[in-house]
Amino acid sequence: MSEVLIPIGPQHPALKEPVSFRVIAEGELIKRLELDISYNHRGIEKAAESRDFVKVVPLLERVCGICSHSHATAFVKGIEEVMGLTVPRRAQYLRTVIGELERMHSHLLWLGVAAHEIGFNTLFMWTWRDREIVQDVLEELTGNRVNYGMNEIGGVRRDVSEALIARTLIRLKPLHGRFTKYAEIIEGERTIRVRFKGIGRLSREEALRYGTVGPTARASSVDYDIRKDDPYAAYEEIPFKIVTDDAGDVLGRTRVRIGELEESVRITEYALRNLPAGSLKVTSPRVAPKADVVSRYEAPRGELVHYIRTSGGDHVERLDIRTPTLANWTSVAASLPGNHIADIPVVVAAIDPCLSCTSRITIIDSGTDETSVMTWDELRAHGRKFYRGREDR
Amino acid sequence: MDPLVAVVYALVFPGLLFLFAYALFLQFVDRKVTARLQNRVGPPWWQPFADLVKLLSKEDITPENVDHRAMRVIPLLAFAAVATAFLYVPVLGPSPFAFQGDLIVVLYLLTLPTILLFLLGWLSRNIFGTIGGVRAATQLFIYEVPFFLALLGPAIAAGVWSISGIVEWQRANLWSIVFQPIGFVVALIGLQAKLERTPFDIPEAETEIVAGPWTELTGPKLAVMRLSIDMALVVGASLVAALFLGGPSVAGTDFVGAAIGFGMFLAKTLAILFLLTAIRAAMGRIRIDQLNRFGWTYMAGAALLQMFLVLLLPQVVAG
């Protein structure tokens, strides 16, 4: 059979957000994959440069609908470091609680999506129902289901009462049993096993070579987790273990995420039970001294990096966001060839792609309708020229 | 038979009109049971009818450079094939149109929608449609052989080639499922594959190839095609019920006998639908190469074993 080109995206039922794969297949087997992730550039980094620190936090919370807390925390953590603030322990614990609840709702969402990709809609419905428990808890703690608005520079904005903690702990209790159930389902259900096992395999060396992060890396027995490697918030004081797996395939990534669900609910409960007393925030100055800082955060999808440059004013001079999906993309393109067309959705879903926060720029010539992508050197040259121009101003 | 009775039988009850209503009802039961298994509320009983009306009233779009006539005719052909097949399936009692060999005709007519789906995918000049169509045809070659072998088991045991005749034979002897349990299981799996339901919804796998051969179907064409597949579910379920579960077999042919026969028909087709729905809700979709391995090793093997046992049994009984 000759080669056929199958366009997956930018609009396709398997995709929740626009991205384009051009799959070159021979019959049902994938030969090559061309990836184009530039469909949704939103200019958030640029917008962040034109707002003061107070206004940037809610903006960054909207980078991603699922990791909203991750982006806000990564940013305030960096700025607090620049300003030399010591955030109260109670605020650190609350940030951890929200961060872990966010990880739970993200992983539950992922588990449902992964099940849906192989047509297992019952598991999809079940996980999303349990996700509602987490969302209700988040709503009760922060007032919102998606963008929690919990962070500000120097601390958190809302306190939790003893009664609320007690209610939350009761709400979280049934999740333990549900997570055990999911672990049993993925081990016991035959169709899941045949569709996940050995698919999209990445060895430990490949995972390191392609720079994968988060559950994708941990499923290839790379125990890389910012919560342990570069602890922030309250993770130094809370006991938990990094979940890894040596399978390196989609099944391994599923196991890692279910293991993390179990860890997350334990971390949340521990943090709520041992919530230190004290104030919620320290007063932050309006301006930050000139500095460069790299702030790392373990988002549900992996290591999130905010590179922040300040120049002594109340604005960031430059903000660069490296989302975990961007780090994981290349591993998808590398692990797909040789698999079946039917495996594309699961392998893509297995890195839990979050495209709206990942998209990078494409250059479109409006006259000729030609699109192109800048090479690394062109981009560097352009960046230097642009920022030199700003320095002179 | 009185020609008028024959027309009423074919068009109203238990013919076309009943088939239409029952197909929508089974679709409702299927959706509702799935929803409850998934902890959802599920649709109200009239939802399938509302969906059908809505689709019928939608704009009819046919892609450019496509054989318009073929695209228009294919759903109607599928509809006609399935509706004709239903005439030979016993509903109230033996079908008045029954003849020696109607089992073969029904099996042939039930194969038509799949072949038409392949054609549709191929003609629609859409890459997803083409892949889906090829997958539908591939799948046909995998499940059809074991499915046919399993359904021929009761016929061979009964020694007749008419579905109504097999039902009569079961009334005199035993339900086929008692001595052909393997055949029943293979027939159920084959039916699930024929109707392209999870785990065999490979040709229309939404997350991979959008809707496969269905991708370019819109409005009335989509409505008729969907209705045909729903009707194929009715025909398939009543076929398996007739061949393995004794069908609607009653002693009398008067009004009471027909009513009891009809009740048995409803009970048995619903029971089969519950099994099919449970399978659908409890699994994910497998890949076409995995289905190939499963079909030719396990399903075909089991069907052949069952056939062997069916042929051996009379010899053993005769001693």
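About the thresholds
Residues numbered from 1 in each chain as written. Chains lettered and ligands numbered in written order. Predicted model: local features only at pLDDT ≥ 70, side-chain atom pairs only at ≥ 80, totals over all residues. Helix = DSSP H or I, 4+ residues; strand = E, 2+ residues; numbered from the N terminus. Rg over C-alpha atoms; globule rule 2.2 N^0.38 Å. Buried ≥ 20, exposed ≤ 12 C-beta atoms within 10 Å, placed from the backbone. Contact = placed C-beta atoms within 7 Å. Nonpolar A, V, L, I, M, F, W, Y, C, P; charged D, E, K, R; others polar. Pairing = 2+ DSSP bridges. Axes fitted to C-alpha atoms, helices over the stretch in contact; angles between N-to-C directions. Domains from an automatic or database assignment. Core = buried A, V, L, I, M, F, W, Y, C linked by C-beta atoms within 7 Å. Parallel < 35°, antiparallel > 145°, perpendicular 65-115°, else oblique.

1. A short note on the overall build of chain B
Piece 1. Of the regular secondary structure elements, chain B holds 13 helices and zero strands.
Piece 2. Written out in order from the N terminus, the α and β elements of chain B read α-α-α-α-α-α-α-α-α-α-α-α-α.
Piece 3. Taking 2.2 N^0.38 as the reference for a compact globule, 319 residues should give roughly 20 Å; the C-alpha atoms of chain B span a radius of gyration of 20 Å, in line with that estimate.
Piece 4. Considered along the principal axes of its C-alpha atoms, chain B spans approximately 65 × 50 × 40 Å.

2. Describing the overall build of chain A
Piece 1. Looking only at helices and strands, chain A has 14 helices and ten strands in total.
Piece 2. Taking 21 Å as the expected radius of gyration for a compact globule of 393 residues, we find that chain A reaches 22 Å, a close match to that expectation.
Piece 3. A principal-axis box enclosing the C-alpha atoms of chain A has dimensions of 70 × 60 × 35 Å.
Piece 4. Looking at chain A residue by residue over its 393 residues, the buried ones come to 48%.

3. Here we look at the interface of chain B and chain A
Piece 1. With 23 residues of chain B at the contact, the number on the chain A side is 26 residues.
Piece 2. Sorting the residues of the side of chain B that touches chain A by element identifies helix H10 (206–209), helix H12 (255–282) and helix H13 (288–318) of chain B as the ones contributing at least two each.
Piece 3. Taken together, the residues that form the side of chain B that touches chain A break down as ten nonpolar, six polar and seven charged.

4. Regarding the sheet that holds strand S3 (residues 29–36) of chain A
All names here are of chain A.
Piece 1. Overall, antiparallel pairing links the three strands, which are arranged S1-S2-S3 in an open sheet. Among the strands making up the open sheet, the edge pair consists of strand S1 (3–8) and S3. If you compare each strand with its neighbour and ignore which way they point, the axes differ by 20 degrees on average.
Piece 2. Note: strand S2 (residues 20–26) against S3, seven bridges, orientation antiparallel.

5. Here's the deal with the domain arrangement of chain A
Piece 1. By the assigned domains, chain A splits into domain 1 (44–350) and domain 2 (363–393).
Piece 2. For domain 1 of chain A and domain 2 of chain A, the distance between their C-alpha centres works out to 32 Å.

6. What to know about the sheet that holds strand S7 (residues 302–310) of chain A
Residue and element names in this part refer to chain A.
Piece 1. In space, the three strands of this open sheet follow the order S6-S7-S8, with antiparallel pairing throughout. Single-partner strands in this sheet number two, and they are strand S6 (291–299) and strand S8 (316–322). With direction set aside, neighbouring strand axes in the sheet form an average angle of 15 degrees.
Piece 2. The pairing of S6 with S7 spans nine bridges and is antiparallel. In the strand pairing of S7, valine 294 is matched with tyrosine 307.
Piece 3. Of the strands in this sheet, S6 and S7 are in contact with helix H3 (residues 68–83), which crosses S6 at around 145 degrees.

7. Re unusual backbone geometry
Glycine aside, the phi torsion of most residues is negative, and most peptide linkages are trans.
Residues and elements named next belong to chain B.
Piece 1. Threonine 198 connects to proline 199 through a cis peptide bond whose omega is 5 degrees.
Piece 2. Assignment of secondary structure puts proline 199 in the loop between helix H9 (181–194) and H10.
Piece 3. With a phi close to 60 degrees, asparagine 39 is a non-glycine residue in the positive phi region.
Piece 4. Note on placement: asparagine 39 falls in the loop between helix H2 (16–37) and helix H3 (47–56).
Piece 5. Despite not being glycine, valine 210 shows a phi value in the positive range, around 60 degrees.
Piece 6. Mapped onto the fold, valine 210 is located in the loop between H10 and helix H11 (219–244).
Piece 7. Residue classification places valine 210 among the buried positions, given that 22 C-beta atoms sit within 10 Å.

8. Re the packing of H2 of chain B against H3 of chain B
Piece 1. Two elements in contact, H2 of chain B and H3 of chain B, have axes separated by 8 Å at closest approach and are oriented at 115 degrees. Where H2 of chain B approaches H3 of chain B, its residues Leu24, Gln27 and Phe28 of chain B are matched on the opposing element by Gln47, Pro48, Phe49 and Leu52 of chain B.

9. Examining the nonpolar core
Residue and element names in this part refer to chain B.
Piece 1. One finds Val82, Ile163, Ala187, Val234, Val235 and Val240 to be the most contacted residues of the largest nonpolar core, which totals 196 residues.
Piece 2. Per-element accounting of this core gives the leading share, 17 residues, to H11.
Piece 3. Ignoring sequence-local partners within four residues, the contact set of alanine 187 consists of Phe147, Ala150, Leu151, Val240 and Phe244.

10. Digging into the packing of helix H2 (residues 53–61) of chain A against H3 of chain A
Residues and elements named next belong to chain A.
Piece 1. Relative orientation of the contacting elements H2 and H3 amounts to 150 degrees, with a least axis distance of 7 Å. Classified by the angle between their axes, H2 and H3 sit roughly antiparallel to one another. On the side of H2, the interface is formed by Phe53, Val56, Val57, Leu60 and Glu61, while H3 contributes Ser68, His71, Ala72, Phe75, Val76 and Ile79.
Piece 2. The residue inventory of the contact of H2 with H3, partitioned by class, reads eight nonpolar, two polar and one charged.

11. As for the environment of leucine 188 of chain B
Residue and element names in this part refer to chain B.
Piece 1. In this fold, leucine 188 is placed in helix H9.
Piece 2. On the basis of neighbour counts, which here come to 20 C-beta atoms within 10 Å, the residue leucine 188 falls in the buried class.
Piece 3. Along the backbone, leucine 188 and isoleucine 272 are 84 residues apart, and their C-alpha atoms lie at a distance of 8.1 Å.

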